[in-house]
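Structure at a glance
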Amino acid sequence: MTPDSPPVLKFEHVTVSFDGQVALDDVSFEVREGDSRILFGAAGSGKTVLLKASLGLTRPDSGRIFVFGQDITLLKESQLSDIRSKVGMLFQESALFDSMTIEENVAYPLFNQKAIHCEAAEGRQKVVDALRFVELENTLAKFPSELSGGMRRRAAIARAVVTGPPLLLYDSPTAGLDPITANNIIALIVKARDASRTTTLMVTHRYQDGNLVAKFRYNLEDGRLEHVAGRDPGFDASTRFMVFREGRLVFDGTQRELEESSDPYISKFVLKRD
Amino acid sequence: MLEFLKSPIQTVQGFFILAGQALRNIIRTPHYSQDIFLQMDIIGVGSLPIVILTGFFSGAVLALQMSRALSEYGQVGRTGQVVAITLVRELGPVLTALMVAGRNSSGIASELGSMKVTEQIDAMRALGTDPVQKLVTPRLIATCTVLPLLTVIADFIGMFGGSVVAAMINIPATQYWTSVWRALGWSDVVQGLMKPFCFAFAIALVGCYYGLSTTGGTQGVGRATTQAVVVASVLVFVLTFFITKIFVSGVVNL
């Protein structure tokens, strides 16, 4: 990672509105390769819109969005497939296809992305690997409706990571899950990030989620998360937090700056230890 | 006034954009032939029972009513002719289309609507698939293929229903079927097949349009479903009027 490499994702004064209601208001930021971003904000503050805009699913009214250095603002739907094949996204309600089995769901990006060419046998192996990664290798033939909420979320993570995309977007990965399942999901996200140095954007409303992503690293050798905060300045600087309020980016900084913020709205997202 | 007109005009515009995309995708790759056959099975084979039932009883009730009216002129023997012409030109296509609209416009709207509100449509786009190509075009092709076939079946079953009634009121079967056969000309058959083909566009595209434009959670899915059935049914009546008008005024000469 060199400081001069183009940012993986860059927003320049992006404004998005629906039917006259502003969802994102003049948002600018950039994410460098290998960095993690945690997005906090109340419901309706524009976090989901931001993720969708990064994929070209929602078009900005003004401003420009760059993904891997390419301006996607004016690209046509058919031209976006190249960019989209390099980005994995976990949707809020998992968004697995109901009519397909878990295996078909996870295999979907491998065989439908135009930019990805995958043989049947190789694809099958990748699907099994991705499902093993999320510890769901026994559910290949099941339908999404047969799985629990946490398992569906894990299957959706498998679908997002199966192509090995260099940028991963997670929309509220822990919403509606119990604390134990939620921590397992976050552990998977950290694992996906550290196994291949993936740039990660995560929307969440749980401070613990951000804390885990910022302070822990997945150790490939012994297969566990380890607490590394304070020991590796490069690692500490790679995670930044952003807080949104009614479509505006009101905070962009490190965890320490977030915890020290005196703004009443921002400090609501921080879990105080005392 | 202008604000009042804005939403219906936007709806019509959105509908025609979707129709254009769906038609363009027929000649574009990739083709999802598996989805086309699946939809043919759901829409065509799945609608067979209700189409047979409505066909049979509409033919039977037509024969009952017509034989009574015709008996005043001493022309009961022409019952088969009246049943055949009415069924093939008008009632067969319209009743079949209404049944399929009730069953499949709603089915399509609720299925696509649920996919929309659970972000599956967005996921599909994010995973490199055009939802119109994958979801709308197969349903359009399937409906356009099976609706004329269903109509032919409904027409025949209706005539058979008429023959059952004819037998009850002592019209010999040969006389009934001969008058049915003699009554029908090529223009009736062409008209009777043109109509379901046009209705199929309305049924499939209205269902898909309302499904894909669903907003507002599960409540929105219900609303989209209702709107799809109402609009598709009304469109069937509007279309049948104009197609009949074209044939009656002799623009199409056969």
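Here the structure is shown first, and the text comes after it.
Residues numbered from 1 in each chain as written. Chains lettered and ligands numbered in written order. Predicted model: local features only at pLDDT ≥ 70, side-chain atom pairs only at ≥ 80, totals over all residues. Heavy atoms only, no water.

Details of a nonpolar patch on the surface
Residue and element names in this part refer to chain B. Filter applied, for reference: What goes into a patch is any residue over 30% in relative accessible area without a salt bridge, connected to like charges within 9 Å or, for nonpolar side chains (Val, Leu, Ile, Met, Phe, Trp, Tyr), within 5 Å. Per-residue and other accessible areas follow the Shrake-Rupley method at a 1.4 Å probe size, with only the shown protein chains counted as cover for residues. We define a salt bridge as a side-chain nitrogen of Lys or Arg found within 4 Å of a carboxyl oxygen belonging to Asp or Glu. Under the scheme used here, helices are H or I runs from DSSP no shorter than 4 residues and strands are E runs no shorter than 2 residues, and both carry numbers assigned from the N terminus. The cut-offs for exposure are 20% and 50% of the maximum accessible area for each residue type, with area from a 1.4 Å probe on protein chains only; residues under the lower value are buried, those over the upper are exposed, and the others partly exposed.
Nonpolar side chains collect at one region of the surface, where Phe156, Phe160, Val164, Met168, Ile169 and Trp177 lie side by side and expose about 550 Å² of accessible area between them. Broken down by element, the residue count for the nonpolar patch peaks at four residues, all from helix H5 (residues 131-168). Its place among the elements puts phenylalanine 160 in helix H5. We classify phenylalanine 160 as partly exposed; its relative accessible area is 40%.

Here's the deal with the packing of aromatic side chains
All names here are of chain A. Selection criterion: Ring pairs shown here join Phe, Tyr and Trp side chains whose ring centres sit within 6.5 Å, with only the six-membered ring taken for Trp; geometry is labelled stacked below 30 degrees between planes, edge-to-face above 60, and tilted in between. Whether a charge sits over a ring depends on NZ of Lys or CZ of Arg being within 6 Å of the ring centre and within 35 degrees of the ring normal.
Going through the model one piece at a time under the given rule, you end up with 16 aromatic pairs over all chains. A ring pair is formed by phenylalanine 40 and phenylalanine 241, whose centres lie 5.8 Å apart and whose planes are at 20°; its orientation type is stacked. One end of the pair, phenylalanine 40, is in strand S3 (residues 36-41); the other, phenylalanine 241, is in strand S11 (residues 239-245), and 201 residues separate them in sequence. Pair check on accessibility: phenylalanine 40 and phenylalanine 241 agree, each one buried. An aromatic cluster of at least three residues, connected via ring pairs, comprises Phe40, Tyr207, Phe241, Tyr265 and Phe269. Between the NZ or CZ atom of lysine 10 and the centre of the ring of phenylalanine 66, over which it lies, the distance is 5.7 Å. Positioned over the ring face of phenylalanine 97 is arginine 159, at 4.9 Å from the centre of the ring.

Notes on the packing of H5(B) against helix H7 (residues 186-212) of chain B
Residues and elements named next belong to chain B. Definition in use: For helices, the fitted axis covers only the stretch in contact; all axes are lines through C-alpha atoms, and the angles between them, taken along N-to-C directions, range from 0 to 180 degrees. Note on convention: the crossing is left-handed when the near helix lies turned anticlockwise from the far helix by less than a right angle, right-handed when the turn is clockwise. Only heavy atoms matter for contacts: two residues are in contact if any of them lie within 4.5 Å across the pair. Lys, Arg, Asp and Glu make up the charged group, whereas Ala, Val, Leu, Ile, Met, Phe, Trp, Tyr, Cys and Pro make up the nonpolar group; the residues left over, Gly among them, are polar.
Between H5 and H7, the least distance of the axes is 8 Å, while the angle of their chain directions is 145°. Where H5 crosses over H7, the two elements pack in a sense that is right-handed. Contact with H5, carried on its side by Val136, Arg139, Leu140, Thr143, Cys144, Leu147, Pro148, Thr151 and Val152, involves Gly192, Leu193, Pro196, Phe197, Phe199, Ala200, Phe201, Ile203, Ala204, Leu205, Cys208 and Leu212 of H7 and no other residues of that element. For the contact of H5 with H7, the class distribution of residues is 17 nonpolar, three polar and one charged.

Thoughts on unusual backbone geometry
The linkage connecting B:Thr29 with the following residue, B:Pro30, adopts the cis geometry, with an omega of -5°. Residue position: B:Pro30 is located in the loop between helix H1 (2-26) and helix H2 (33-71). At A:Phe68, a position not held by glycine, the phi torsion is positive, near 50°. In this structure, A:Phe68 sits in the loop between strand S4 (62-67) and strand S5 (70-71). For A:Phe68, a relative accessible area of 25% puts it in the partly exposed group. Look at B:Glu119: it is not a glycine, yet its phi comes out positive at around 65°. Here B:Glu119 is to be found in the loop between helix H3 (79-117) and helix H4 (120-126).

So, the interface of chain B and chain A
The condition is simple: For any pair of parts, buried area is found by adding up, for both, the accessible area (1.4 Å probe) each one loses once the two are put together. Nitrogen and oxygen atoms within 3.5 Å of one another constitute a polar contact, given that in protein one can donate a hydrogen and the other can accept it, and given that sequence-neighbouring residues count only through two side-chain atoms.
Each partner contributes to the interface: chain B provides 14 residues, whereas chain A provides 20 residues. Ranking the residues of chain B by area buried against chain A places B:Glu119, B:Arg125 and B:Leu127 at the top, with a combined share of 41%. For the pair chain B and chain A, the number of links is three salt bridges. Here A:Lys52 and B:Asp122 are joined by a salt bridge, their closest N and O atoms 2.9 Å apart. For the interface between chain B and chain A, the tally reads eight residue pairs in polar contact (both at pLDDT 80 or more).

Some remarks on the environment of B:Ser114
Residue and element names in this part refer to chain B. With respect to the helices and strands, the residue serine 114 is situated in helix H3. Overall, the relative accessible area of 29% leaves serine 114 in the partly exposed class. Along the chain, serine 114 and threonine 218 lie 104 residues apart, while their C-alpha atoms are 7.2 Å from each other.

Focus on helix H6 (residues 179-195) of chain A
Residue and element names in this part refer to chain A. For clarity, the threshold we go by: In a helix, the anticipated span is given by 1.5 Å times the number of residues less one.
Its 17 residues place the ends of H6 24 Å apart at the C-alpha level, agreeing with the 24 Å of an ideal helix rising 1.5 Å per residue. Within H6, the full set of buried residues consists of Thr181, Ala182, Ile185, Ile186, Leu188, Ile189, Val190, Lys191, Ala192, Arg193 and Asp194. Immediately beyond the C-terminal end of H6, within one or two residues, lies arginine 197, with a positive phi of roughly 45°.

Some points on the pairing of strand S12 (residues 248-253) of chain A
All names here are of chain A. Put simply, the test is: Note on pairing: DSSP must find at least two bridges between two strands before they are called paired.
As paired strands, S11 and S12 are joined by five bridges and run antiparallel to one another. Bridge assignment links methionine 242 to a residue of S12, and that residue is aspartate 252. The antiparallel pairing of S11 with S12 creates a hairpin that spans two residues between the two strands, and glutamate 246 there sits at a positive phi of about 45°.

What about the sheet that holds S3(A)?
All names here are of chain A. Spatial strand order, S6-S7-S8-S3-S11-S12: six strands in an open sheet with mixed pairing. Every other strand in the sheet has two partners, leaving strand S6 (87-90) and S12 as the edge strands with one partner each. This sheet shows a mean twist of 15° between the axes of neighbouring strands, independent of strand direction. Summarising the sheet, S3 and S11 pair through six bridges and their orientation is parallel. Each residue of the ladder has a partner; that of glycine 41, found in S11, is phenylalanine 244.

Here's the deal with the nonpolar core
Residue and element names in this part refer to chain A. For clarity, the threshold we go by: Think of a nonpolar core as a cluster: buried Ala, Val, Leu, Ile, Met, Phe, Trp, Tyr and Cys residues, connected wherever their side-chain atoms sit within 4.5 Å.
The biggest cluster of nonpolar side chains holds 81 residues, and the ones touching the most others in it are Phe11, Leu24, Leu50 and Leu201. Among residues more than four places away in sequence, those in contact with leucine 24 are Phe11, Val14, Thr15, Val16, Gly46, Val49, Leu50, Phe244 and Gly247. Within the second largest apolar cluster, 50 residues are counted, among which are Val127, Leu136, Ala156 and Tyr218.

By themselves, these figures tell us nothing about what the structure is for.
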